[in-house]
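# Descriptive analysis of the structure
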Amino acid sequence: MLSEKLGHRLDPFLKSIFKIFFGEKGNPNLFTILGFFATIIASLLLLRDLWFFAGIFFVISGLFDLFDGMLARTKGKVTLFGSFLDSVLDRYSDLLFLLALLIYYLKKGTSDLAILTSFVSIGTALIPYVRAKAEALQISCHIGLMERAERIILLSIGMLLDLMAPILWIMAILTHITVLQRIYHVSKRLRNNDKHRY
């Protein structure tokens, strides 16, 4: 939802921030990889019960995720491999972090939150899968309440403000609503295509 509304309008702002910290040059793929490792650090900190610091590294991973796209666009470095690498490492980042959260709750003996995290993981995995299947049918599918930007923001809030339990409830509901929104969108587009065919 945020990605669809904001589009690339944040690029000038992101470019200014990037220039302050990193100068003029940058490799989009490097920042994709750095974002992935920042998520791994956040996951390890979470497992050590250092929630606030985990949240900080999770925010950093989100910033790196924004930087890689901005760099690719503004520096004319958009490539098919870069897009592929970004998608793959995003999925690894999402699911490895949720796995760390699941392990944390299992160790603490809070099985209800472990089950809830599992439902969030299923929704998180299905959202990009449905989009990929839609795009294989040549249907753009960027709609939904809980795209990756929203998930990063909510999880960051959950860690930084110690509100993870209610955040997981919100995500468990909204990730699956997003999947249903995308299924409906694809169904509607295919029905319209079939009507125009005859």
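It should be noted that the structure appears before, not after, this text.
Let us look at the structure shown here. Here the structure is a predicted model, which is why all the values come from computation and not from measurement. (Residues numbered from 1 in each chain as written. Predicted model: local features only at pLDDT ≥ 70, side-chain atom pairs only at ≥ 80, totals over all residues. Heavy atoms only, no water.)

### Digging into the packing of aromatic side chains
According to the stated counting rule, one finds twelve aromatic pairs in the structure shown. Ring centres 4.6 Å apart and planes at 35 degrees place the aromatic pair Phe 58 and Phe 97 in the tilted group. Separated by 39 residues along the polypeptide, Phe 58 in helix α4 (residues 51-74) and Phe 97 in helix α5 (residues 80-108) bring together distant segments of the chain. Using a relative accessible area of 5% as the deciding quantity, one classes Phe 58 as buried. Taking relative accessible area as the criterion, Phe 97 reaches 1% and is therefore assigned buried. Ring geometry for Phe 81 versus Phe 84: centroids 6.3 Å apart, planes at 40 degrees, classification tilted. With Phe 81 and Phe 84 both in helix α5 and three residues apart, this pair spans about one turn of that helix. Through successive ring pairs, a cluster of aromatic residues spans Phe 18, Phe 31, Phe 64 and Phe 67. (Phe/Tyr/Trp six-rings, centres within 6.5 Å; stacked < 30°, edge-to-face > 60°. Helix = DSSP H or I, 4+ residues; strand = E, 2+ residues; numbered from the N terminus. Buried < 20%, exposed > 50% of the residue type's maximum accessible area, 1.4 Å probe, protein only.)

### Some thoughts on the nonpolar core
Core analysis: the largest hydrophobic core is formed by 28 residues, its most contacted members being Leu 46, Trp 51, Leu 101, Tyr 105, Met 159 and Met 164. Sorting the residues of this core by element identifies α3 (28-47), α4, α5, α6 (111-136), α7 (148-160) and α8 (164-197) as the ones contributing at least two each. Non-local contacts of Trp 51, meaning those with residues more than four positions away in its chain, are made with Leu 46, Leu 101, Tyr 104, Tyr 105, Met 159 and Met 164. Judged by nonpolar contacts, the second largest core, of seven residues, contains Leu 14, Phe 18, Phe 64 and Met 70. (Core = buried A, V, L, I, M, F, W, Y, C linked by side-chain atoms within 4.5 Å. Contact = heavy atoms within 4.5 Å.)

### Observations concerning the packing of α5 against α7
Between α5 and α7, the least distance of the axes is 13 Å, while the angle of their chain directions is 30 degrees. In terms of their interaxial angle, α5 and α7 are classed as roughly parallel. Along this stretch, α5 crosses α7, giving a crossing that reads as left-handed. From α5, Asp 90, Arg 91, Ser 93, Asp 94 and Phe 97 reach across to α7, where they touch Arg 148, Arg 151, Leu 155 and Met 159. (Axes fitted to C-alpha atoms, helices over the stretch in contact; angles between N-to-C directions. Parallel < 35°, antiparallel > 145°, perpendicular 65-115°, else oblique. Left-handed = near helix turned anticlockwise from the far one by under 90°.)

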